[in-house]
Amino acid sequence: MLTVAVLISGTGSNLRALLDAAADPEFPARIVVVGADREAEGFAHAEEYGIPTFMVPWAMFASREEWGAELAAQLRVWRPDLVVLSGLMRLLPATLVDERSPRIINTHPAYLPEFPGAHGVRDALAAGVEQTGASVIIVDNGVDSGPILAQERVPVLAGDDEHALHERIKPVERRLLIDVVRRVASGELDLAQIASRAAGAEASAP
Ligand code: GRF
């Protein structure tokens, strides 16, 4: 059984979907802890399922490195096989990424490498594209630049604002995330192999 830690900042609707999926005894992964960088609304979902939570408040640390060191220490307590960033609105320091990679994944509300960063939905709208999407990636030390594990297109509709478009993307993100976690747990997706292939391709790029 794959054990998973989920890190959030906000409402945790993707977390909720993963918790619901993992409640099925046939699902090959279990969420062991939910962490956040603030008092996140999404903690309520974890509490409802009786899953422990921890908070490492961003505001209490002098630097990203110090915050990340405490986050890494908390994660070590729970020894998860996989860390899922599900709406954690902070860049992780390299020390934490390096400790966990490649068993650390992120969901993103755009079709990467299009529109990386904190405003993927807003940026897609501003660019006037006809379609954007959702992606699940391995976290590396860039901004949403890690190997892509799953992605799907979502059309931009006339009259979409950021909220409406994001709400249409999120169900796709949830489905992709659940599927990726299931495939990692079943061994169908080998994160180490995918990461090392991506590193090899990068090294041999002109
Ligand atoms: C998701 O779209 C995630 O990719 C983005 O923030 C959203 C989180 O939503 N970074 P929620 O907290 O799961 O509802």
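Residues numbered from 1 in each chain as written. Predicted model: local features only at pLDDT ≥ 70, side-chain atom pairs only at ≥ 80, totals over all residues. Heavy atoms only, no water.

Notes on the pairing of strand β4 (residues 82–85)
Here β4 shows two buried faces, one formed by L82 and V84 and the other by V83 and L85. As defined by bridge partners, strand β1 (residues 2–8) adjoins β4 across four bridges and the pair is classed as parallel. Counterpart to V4 in the pairing with β4 is L82. Here β4 runs beside strand β5 (residues 104–108); their pairing, made up of three bridges, is parallel. Looking at the pairing, V84 lines up with I105 of β5. Once the chain exits β4 it traverses helix α4 (residues 94–100) before rejoining the sheet at β5, and the crossover so formed is right-handed. (Buried < 20%, exposed > 50% of the residue type's maximum accessible area, 1.4 Å probe, protein only. Helix = DSSP H or I, 4+ residues; strand = E, 2+ residues; numbered from the N terminus. Pairing = 2+ DSSP bridges. Right-handed = clockwise from strand over helix to strand, strands pointing away.)

Focus: the pairing of strand β6 (residues 131–138)
In terms of residue burial, β6 counts as a mostly covered element, since seven of its eight residues are buried. Where β5 and β6 come together, four bridges link them in antiparallel fashion. Its bridge partner lying in β6, T107 is registered against V136. As defined by bridge partners, β6 adjoins strand β7 (residues 148–155) across seven bridges and the pair is classed as antiparallel. Bridge assignment links V136 to a residue of β7, and that residue is A150.

What about the site of the ligand?
Neighbouring residues of the ligand: 13 residues in total, closest T11, G12, S13, H166 and E173. Between G12 and the ligand, the recorded distance is 2.7 Å, taken from a backbone N or O atom to an oxygen atom. E173 places a polar side-chain atom, nitrogen or oxygen, 2.5 Å from an oxygen atom of the ligand. Protein chains shield 90% of the accessible area of the ligand, which is 370 Å² for the free molecule. (Near = heavy atom within 4 Å. Polar contact = N/O pair within 3.5 Å; in protein donor to acceptor, adjacent residues only side chain to side chain. Areas by Shrake-Rupley, 256 points an atom, 1.4 Å probe, with all protein chains shown as cover.)

With respect to the sheet that holds β5
The seven strands are arranged β3-β2-β1-β4-β5-β6-β7 in an open sheet whose pairing can be described as mixed. A strand with exactly one partner marks an edge of an open sheet, and here the two such strands are β3 (53–55) and β7. Taking each pair of neighbouring strands and ignoring which way they run, the sheet shows an average axis angle of 20°. Each of β1, β2 (29–36) and β5 touches helix α1 (residues 13–22); the most contacted strand, β2, lies at about 155° to it. Its contacts with the sheet place helix α7 (residues 191–204) against β4, β5, β6 and β7, and it is angled at close to 110° to β6. (Axes fitted to C-alpha atoms, helices over the stretch in contact; angles between N-to-C directions. Contact = heavy atoms within 4.5 Å.)

Some thoughts on the nonpolar core
In terms of nonpolar packing, the biggest core is built from 39 residues, with V4, V6, I31, V34, I105 and V181 touching the most fellow members. If you list the elements that add at least two residues to this core, you get β1, α1, β2, α2 (43–48), β4, β6, β7 and α6 (162–186). No other element matches α6, which puts eight residues into this core. Counting 17 residues, the second-largest nonpolar core is a separate cluster that includes V83, L85, L92 and I104. (Core = buried A, V, L, I, M, F, W, Y, C linked by side-chain atoms within 4.5 Å.)

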